[in-house]
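# Understanding the architecture of this molecule
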Amino acid sequence: MYFDCIIAGFGGQGVMLMGNILAYAAMAEKKKATYMPVYGVEMRGGTANCTVVVSDGEIGSPIIQRPMTAIVMNLPSLEKFGPRVKKGGLLVVNASLVPEKEVQFKGIKCLMIPSRDLALEVGNERLANMVVLGATVRKSGVVDLKSLKKALYPALDRRYHKMIDVNIKAMERGARFVTEGV
Amino acid sequence: MAEAEFIKGNEAIAMGAIEAGCRFYFGYPITPQNDIPEYMSRHLPDVGGTFIQAESEIASINMLLGASSTGARAMTSSSSPGISLKQEGISYMCGSQIPGVIVNMSRSGPGLGGIDPSQGDYFQATRGGGHGDYRTIVLAPHSVQENYDLTMKAFDLADKYRNPVLILGDALLGQMKEPIRRRKYRKKEFPKDWTMTGAKGREKRLIKSLYLSEGELTDHNWMLNKKYQSMKREIMFETQFMEGAKLVVVAFGSVARILKSTVQMARDRGMKVGLFRPITLFPFPYAALDKISHSIKNFMALELNTGQMLEDLKLSVGHKKNQVDFYGRPPGSIPSPDELFNEIKKIYKKRIG
């Protein structure tokens, strides 16, 4: 089993947290995982991205040029990483910020998630990242949704643990969107 | 076995240090290693240790010299320009035979350069770096687990040889997070009959690097040289896919890590490529590479610089009819496994067909 993924958006959308949770979920399933934040002179409001690799065996490079999966949370990220997704790969798009007409790629699966609407449904638009993460995990099967939920505990600082329930709801909502299409 | 923990590379170094008994840390902030002082400042007081943010890099290396001369386990960390500032102190530590662990999570140069991963400090690290005829042991981890394990080892080696030990990494190894397993550190005891602990009730001791009597400094230098030679028994390296290899790619640290994916890609495509990864950069595994060159003739060094470890590779296998090729990527961007594959493919085609 091998999976790699680039998660990108602008600062504040919680893309680094998404990467961390995914890696923790993989660990909970006794898999190997690497998490590599983009490293540059970045600032708030700038772009942010991280790379997560999950495998049964030893992981070589934590840096991936052409990922199997990319999650793009805004338009600049789509432009940068959309064309890089490997043939047959998966592109998960935050449809609340990226118009569908921009998503024109051949040979890959594209999953449009109206993350803001779904997040508002479960209570708060800031949960959009968890909606998208839940959807990605359901679609790719990289880890079990159960492991993803459990990963919130080690990934979040204790003072945010009271938010775990609502984060779980957001993940479930994203996953349900993938299975039911609404 | 302990449960796996998900840890940032820099933090793994700090964790390993504290578990190996490091009780003094001195440093001055610089990207990309600030997680090390941050961790130390939070956790050293819990174990009765001392954290000092010094006024400069020069102050911190001399604080390390002072703390270590009492026999305590102590560490400093910085990044390339800061490590340059520490060179005078490192030279004095070597001349006075004072142990200590120095971490260089290097950035790019020359000068202030940038903050990208770089291996441009290879010469500085392996050839001494400061003035005088000296060497430090240099350990080059390629994973977060190794950051942790090799930091523990660094303290033992420093005490064993009464010599500074340098850990050489970069932003990739410092910023990456991976699961690691902690292990119980078994402290080895080393003679401390040289330490400055107060001379009450015993003969006085002197730690110095100034030798003015006739012949004294010559003898001192030869004695140090003998010590550096004896470090050969600490040589560490890793190999992968060497069986039937026609081309051996040689790399350390972050590039070696990326190459592990590349070599797998090459093997999947039927190319007979093996990987040789020096873990100790000083002492360099010359003999091991020389031995390999009896059956394999083609070598290629890959580095995040314009050719430094390449020289050591040539010293190992550059004789006879061996081919030594090179791909360098000076700092600015990190090469992906695919990019490295294309570079290796070119050489493979040219040398093997």
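Residues numbered from 1 in each chain as written. Chains lettered and ligands numbered in written order. Predicted model: local features only at pLDDT ≥ 70, side-chain atom pairs only at ≥ 80, totals over all residues.

## A word on unusual backbone geometry
Among all residues save glycine, negative phi is the norm, and among peptide bonds the norm is trans. Residues and elements named next belong to chain B. Along the chain, Thr31 connects to Pro32 via a cis peptide bond; the corresponding omega equals 5 degrees. Its place among the elements puts Pro32 in the loop between β2 (24-27) and α2 (35-43). Pro283 follows Phe282 through a cis peptide bond whose omega is -5 degrees. In this fold, Pro283 is placed in the loop between β12 (280-282) and α10 (286-292). We note that Gln97 has phi near 55 degrees; this positive angle belongs to a residue other than glycine. Examined against the element boundaries, Gln97 turns out to sit in the loop between α4 (80-96) and β5 (100-106). Phi angles above zero are rare outside glycine, and Arg162 is one such case at about 45 degrees. The residue Arg162 is located in the loop between α6 (144-161) and β7 (164-170) in this model. (Helix = DSSP H or I, 4+ residues; strand = E, 2+ residues; numbered from the N terminus.)

## Focus on the sheet that holds β5 of chain B
All names here are of chain B. Strand order across the open sheet formed by seven strands is β3-β2-β4-β5-β7-β6-β12, with mixed pairing between neighbours. The open sheet has two edge strands, β3 (50-53) and β12, and neither has a second partner. Averaged over all adjacent pairs, the angle separating strand axes in this sheet is 20 degrees, with direction ignored. (Pairing = 2+ DSSP bridges. Axes fitted to C-alpha atoms, helices over the stretch in contact; angles between N-to-C directions.)

## Quick look at the sheet that holds strand β11 (residues 273-278) of chain B
Backbone-to-backbone hydrogen bonds pair the strands of a sheet. The strands run either parallel or antiparallel. All names here are of chain B. A sheet is described by the order of its strands in space; here five strands give the open sequence β9-β11-β10-β13-β14, paired in mixed fashion. Each edge of the open sheet is held by one strand with a lone partner, namely β9 (237-240) and β14 (323-328). Between one strand axis and the next, the sheet turns through 20 degrees on average, direction left out of account.

## Some remarks on the packing of helix α9 (residues 253-268) of chain B against helix α12 (residues 337-351) of chain B
All names here are of chain B. Relative orientation of the contacting elements α9 and α12 amounts to 55 degrees, with a least axis distance of 8 Å. Taken together, the axis directions place α9 and α12 in an arrangement best described as oblique. α12 is crossed by α9, and the crossing has right-handed handedness. Each of Ile258, Leu259, Ser261, Thr262, Met265 and Ala266 in α9 lies in contact with α12, whose residues at this interface are Pro337, Leu340, Phe341 and Ile344. Here the residues of the contact of α9 with α12 are counted per class, giving eight nonpolar, two polar and no charged. (Parallel < 35°, antiparallel > 145°, perpendicular 65-115°, else oblique. Left-handed = near helix turned anticlockwise from the far one by under 90°. Contact = placed C-beta atoms within 7 Å. Nonpolar A, V, L, I, M, F, W, Y, C, P; charged D, E, K, R; others polar.)

## Things to note about the domain arrangement of chain B
All names here are of chain B. Assigned domains within chain B: domain 1 (4-233) and domain 2 (238-351). Using C-alpha coordinates to define each centre, domain 1 is positioned 28 Å away from domain 2. Contacts between the two partners involve 27 residues from domain 1 and, on the opposite side, 23 residues from domain 2. Those elements giving two or more residues to the side of domain 1 that touches domain 2 turn out to be α5 (122-126), β6 (137-139), β7 and α7 (171-175). The greatest single-element share of the side of domain 1 that touches domain 2, amounting to four residues, is contributed by α5. Class assignment for the residues of the side of domain 1 that touches domain 2 results in twelve nonpolar, eleven polar and four charged. (Domains from an automatic or database assignment.)

## Quick look at the interface of chain A and chain B
Taken together, the contact pairs 19 residues of chain A with 19 residues of chain B. When contributions to the side of chain A that touches chain B are tallied by element, the ones reaching two or more residues are α1 (15-28) and β2 (32-37) of chain A. A total of six residues in the side of chain A that touches chain B trace back to one element, the largest contributor, which is β2 of chain A. Of the residues assigned to the side of chain A that touches chain B, the class counts are 13 nonpolar, four polar and two charged.

## Examining α1 of chain A
Residue and element names in this part refer to chain A. The end-to-end C-alpha distance of α1 is 20 Å, a good match for the 20 Å that 14 residues give at a rise of 1.5 Å each. When α1 is considered as a whole, its buried residues turn out to be Val15, Met18, Gly19, Asn20, Ile21, Leu22, Ala23, Tyr24, Ala25, Ala26, Met27 and Ala28. Count one or two residues on from α1 and you reach Lys30, which has phi positive near 60 degrees. (Expected span 1.5 Å × (residues − 1). Buried ≥ 20, exposed ≤ 12 C-beta atoms within 10 Å, placed from the backbone.)

## Topic: the packing of helix α3 (residues 57-68) of chain B against α4 of chain B
Residues and elements named next belong to chain B. Contact pair α3 / α4: the axes reach a minimum separation of 8 Å and the direction vectors enclose 30 degrees. Taken as axis vectors, α3 and α4 run roughly parallel relative to one another. Pair α3 / α4 crosses with right-handed handedness. For the pair α3 and α4, contact is made by Glu57, Ile58, Ile61, Asn62 and Leu65 and by Gly82, Leu85, Lys86, Gly89, Ile90, Tyr92 and Met93, respectively. The residue makeup of the contact of α3 with α4, split by class, is seven nonpolar, three polar and two charged.

## Observations concerning α3 of chain B
Residues and elements named next belong to chain B. Under the 1.5 Å per step criterion, the end-to-end length of α3 is 16 Å for twelve residues, consistent within 8% with the ideal 16 Å. When we look at burial in α3, the residues that qualify are Glu57, Ser60, Ile61, Met63, Leu64, Leu65, Ala67 and Ser68. Each element contacted by the buried residues of α3 is listed here: β2, β3, β4 (74-78), α4 and β5.

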